[in-house]
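# Remarks on the overall topology
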Amino acid sequence: MNHLKPLVEEELAEPVDPRVSAFAEAVAAQYGDASRAVLFYGSCLRTTELEGQMLDFYLIVSSYEEAYGKSWLVRANELLPPNVFPAEHDGLVAKIAVLSEEDFHKLNGLKASAVSVWARFAQPSRLVWCTDEAAREKVVAAIACAPVTLFELTLPVLGIQPQAPILIWHRGFELTYGAELRAERANRPGSVVDADPERYQRFGLATMVTLQDQDPSESGELSTAEAEKRWKALRRNGKLLTLARLAKASGTYAGGIDYLAWKINRHAGTNYVIKPWQRKWPILGALTMLPRLIAGGAIK
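Definitions and limits used
- Residues numbered from 1 in each chain as written.
- Predicted model: local features only at pLDDT ≥ 70, side-chain atom pairs only at ≥ 80, totals over all residues.
- Heavy atoms only, no water.
- Buried < 20%, exposed > 50% of the residue type's maximum accessible area, 1.4 Å probe, protein only.
- Helix = DSSP H or I, 4+ residues; strand = E, 2+ residues; numbered from the N terminus.
- Arc of directions from axis to C-beta.
- Contact = heavy atoms within 4.5 Å.
- Phe/Tyr/Trp six-rings, centres within 6.5 Å; stacked < 30°, edge-to-face > 60°.
- Lys NZ or Arg CZ within 6 Å of the ring centre and 35° of its normal.

Another aspect to go through is helix 8 (residues 133-143). Regarding helix 8, the residues found buried are Ala135, Val139, Val140, Ala142 and Ile143. One side of helix 8 carries all its buried residues, which in axial view fall inside an arc of 165°. Buried residues along helix 8 sit against helix 1 (5-12), strand 1 (35-41), helix 6 (101-107), helix 7 (116-121), strand 5 (125-130) and helix 9 (145-154).

Take the packing of aromatic side chains next. Geometry of an aromatic ring pair is reported as the spacing of the ring centres plus the angle between the planes. Counting across every chain of the model gives 14 aromatic pairs. Their ring planes at 55° and their centres at 5.5 Å tell us that Tyr41 and Tyr58 sit as a pair that is tilted. A residue pair is termed long-range when its members are at least 10 positions apart, and Tyr41 in strand 1 and Tyr58 in strand 2 (residues 54-61) qualify at 17 residues. The buried category is assigned to Tyr58, whose relative accessible area is 4%. Consider the rings of Tyr58 and Phe121, whose centres lie 5.2 Å apart with planes at 80°: the pair is edge-to-face. With Tyr58 in strand 2 and Phe121 in helix 7, this residue pair connects regions lying 63 residues apart in the sequence. The structure contains a cluster of three or more aromatic residues connected by ring pairs, namely Tyr41, Tyr58, Phe104 and Phe121. Stacked on the ring of Tyr200, the Lys or Arg Arg199 has its end atom at 4.7 Å from the ring centre.

Pasting the structure below:
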């Protein structure tokens, strides 16, 4: 039994700014019958600041074929999910990540080859648009897997001593932030938890009970050596995937290199300015940014 589902259902249903709901409805309308759900997450959810910020949405679709029709975007989303697109509505801007229901469930689970989805949905999110009850139930089931995945991978590297849920969250997010090329300051993983410790305590206790109740045949319990090997693979995959998605975004995300610079400057406190030639050749431009930013500690 997954004891997280009631908590996830309650959290997803919490109200948001009406402008966020209207934005989500407009995003769903763009994809017609393929749209199943729209989730709002990230820093704008935590701070409630919308003006001058980049909102984060996940659009969950029935299938990529139904979402895009006959298009190279289908193959791009299948090979390297998610596709990410810019959007604007009523003075607000956002980036929209597109995943199928099948991929959303898979990428929140223990077998996911990268942390990017389950690490985000182990954190708070809101279901800001949904087509029907069946779609809502699928979203809840997928998100309820995310904290379980984080704990199953984190607990073995903490040793045999019992750990308080908050400590598991802290260490888990440290590991996930280390598994991607991130533009956040060193204290960011801890600040995510410290922003709402009561929430993480409740979700952590429910996660631990869920793990205890798992059928041994379904458990993904790992030894310390197995967990460390998985984290090593996740770090390698995550950083390679960041570069691959950056290359893909040059064809799917208008102004992607400007967004990259904006995000780095915002989170790392830098003042990196994109040159005209980098906009003309965004893949090369982004790749030339990386060594300097890594050396300066802006991304890790």
